[in-house]
Structures are given as structure tokens and as C-alpha cells.
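Now for the letters of each chain:
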Amino acid sequence: DAGVTQSPTHLIKTRGQQVTLRCSPKSGHDTVSWYQQALGQGPQFIFQYYEEEERQRGNFPDRFSGHQFPNYSSELNVNALLLGDSALYLCASSLWETVAFFGQGTRLTVV
Amino acid sequence: QQQVKQSPQSLIVQKGGISIINCAYENTAFDYFPWYQQFPGKGPALLIAIRPDVSEKKEGRFTISFNKSAKQFSLHIMDSQPGDSATYFCAASISGNQFYFGTGTSLTVIP
């Protein structure tokens, strides 16, 4: 049983560009959350998707948007990239109120 | 405002010793308290979790102690091993939704 898978593993983008990160949840899980983890910090909640709708959102600007597909997979989009967006982006999946499992993350570097 | 405060920031323990990491929270609505272990370049992996209706939970060498009145919880790693060297994060959530993470503790176990 595959766990949470994220792609790509590493990404380098130029300031001002747009990026899309992808996540496939653990089998049987219907809820996907995205987190941003800056170097040396704990993960910060970006938003959560359930039934293809954004259910909760953290304190992130509108440049961060997402989508959940009927098969529960999800995308995180970031527009107008800033140097400060460089971080490890983590996807976590869960099944309503059960344990959240994290993927390996996508390391985004903005230059 | 940091919803979950974690200490110490770093910890060095001799092999076979006990590692203790502490966390405190303010929001009494939190009802799920997991601990995650993270190795460099990897996503956080769930170690052990507790709900506020119990004061202690033990899984192998890992124990969570929970003090509801003090709004504190801690992770104890017994018989610490070099392989336990990693960053540990406490977290809290309401009904498994948005997770609020601590700032992390870098544990080094010396052989």
C-alpha cells in the first residue's frame, strides 16, 4: 500500500514564476492538507481539501491556491513566486478525524 | 502567535539515556496531540499520539505524558539510540483538522 506520494521531489523556479506541486493521498484517504516548512521550522498549515472543496485555510496569501480531484489527489499552485516561498512543501492525507500521514515533500527553491 | 510551544530547541543525550521533550498549548479545544519524527530531507512520520482523555500512552520506547490541567504534554524516549537522532515535532489539532506544530527539537544521541 503506497503512502502519500508527492511530485516532483525537487524544483527550482525563478522569482515571479508559477509552480504546481502534486500529491496523491494514501489509499482510502479522502482529505488532503498542504503545509509549508521553512528550513529549521515546523510545518505551517496552508489549506485543507475535502470533497474537492477548500475546507480550511491558514494564514497564506491568495497566491497560494489548490485543487482536489475526484480521485482525491491534489495540487498546490503558487503564483508570482517570491524568494521567501523557498521551502519544503508537505502534503498530508487523512480520513476524517484519523491520523494524518505526510509525504516526503517537494523541496522548492526560488532563485 | 505560536499555538504550540516546544522545548528544548536541541537536546544531546547519551546512548541508553532518556530523552524528554516538552510542549505547551493554550487552546483548550485541541483534542488530538501527535508527535512526529523527521529526518533530514524527509517528511514528518507519526511516532505516537494521544487524546486528552488519557494521561499517558506508551508504545515501545516512546511515551507521551499528558497534563490536561497544565495544558502540557511531553515525549519521553527511553533507552535512546543513535538511530533516534532526528528532529521531533509536537502538534495539536481539533478533530484532526489543521495541525499546529511546535518549532521542533533536534535530538542527538551520542554513542
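What comes next is a walk through the structure.

Residue and element names in this part refer to chain A. Enumeration over the complete set of coordinates arrives at six salt bridges over all chains. Between arginine 57 and glutamate 54 there is a salt bridge, with its nearest N and O atoms 3.2 Å apart. Exposure remark for arginine 57: the relative accessible area of 29% places this residue in the partly exposed category. A relative accessible area of 36% means that glutamate 54 is categorised as partly exposed.

Quick look at the sheet that holds strand E7 (residues 64-68) of chain A now. All names here are of chain A. Strand order in the open sheet formed by four strands is E1-E3-E8-E7, and the pairing between neighbours is antiparallel. Single-partner strands in this sheet number two, and they are strand E1 (5-7) and E7. Put simply, the sheet's adjacent strands are angled 20° from each other on average, direction ignored. Looking at chain direction, E7 and strand E8 (residues 74-78) are connected through five bridges and run antiparallel. Pairing of phenylalanine 64 across the sheet is with valine 78, part of E8.

All names here are of chain B. The strand order E1-E3-E8-E7-E6 describes an open sheet built from five strands, whose pairing is antiparallel. If you trace the sheet from one side to the other, it starts and ends with strand E1 (4-7) and strand E6 (56-59), each paired once. When strand polarity is set aside, the average angle formed by the axes of neighbouring strands in this sheet is 15°. Of the strand pairs in this sheet, E6 and strand E7 (residues 62-67) are connected by four bridges, and their pairing is antiparallel. Within E7, the residue paired with lysine 58 across the bridge is threonine 63.

What follows concerns the nonpolar core. If you look at the biggest cluster of nonpolar residues, it comprises 24 residues, and the most contacted ones within it are Phe33, Trp35, Leu47, Phe73, Leu75, Tyr88 and Leu107 of chain B. When residues of this core are traced back to their parent elements, those giving at least two are strand E2 (10-14), strand E3 (19-25), strand E4 (33-38), strand E5 (45-50), E7, strand E8 (72-77), strand E9 (86-93) and strand E11 (105-110) of chain B. The dominant element in this core, judged by the number of residues it contributes, is E9 of chain B, at four residues. In this structure, leucine 47 of chain B is in contact with Trp35, Tyr36, Gln37, Glu59, Phe62, Leu75 and Tyr88 of chain B, ignoring residues within four places of it in sequence. Judged by nonpolar contacts, the second largest core, of 20 residues, contains Val4, Leu76, Val78 and Ala87 of chain A.

Cut-off values and rules
Numbering of residues starts from 1 in every chain and runs along the sequence as written. Numbering of ligands from 1 and lettering of chains from A proceed in the order in which they are written. Under the rules for a predicted model, residues below a pLDDT of 70 receive no local features and side-chain atom pairs below 80 are neither given nor counted, while totals for whole chains, interfaces and linings still include all residues. Values shown for side chains rest on all heavy atoms present in the structure; no hydrogens or waters enter the calculation. Between Lys or Arg on one side and Asp or Glu on the other, a salt bridge is scored when a side-chain nitrogen of the former is within 4 Å of a carboxyl oxygen of the latter. Buried residues are those whose accessible area, probed at 1.4 Å on protein chains only, stays under 20% of the maximum for their type, while exposed residues exceed 50% and partly exposed ones sit between those limits. If DSSP finds at least two bridges between two strands, the strands pair. For the purposes of this entry, the term helix denotes a DSSP run of H or I that reaches at least four residues, the term strand denotes a run of E that reaches at least two, and both are numbered from the N terminus. To obtain each axis, a line is fitted to C-alpha atoms, and for helices this fit is confined to the stretch in contact; angles are then taken between N-to-C directions over 0 to 180 degrees. To define a nonpolar core, start from buried Ala, Val, Leu, Ile, Met, Phe, Trp, Tyr and Cys residues and group those joined through side-chain atoms within 4.5 Å. Any pair of residues with heavy atoms lying within 4.5 Å of one another is described as a contacting pair.

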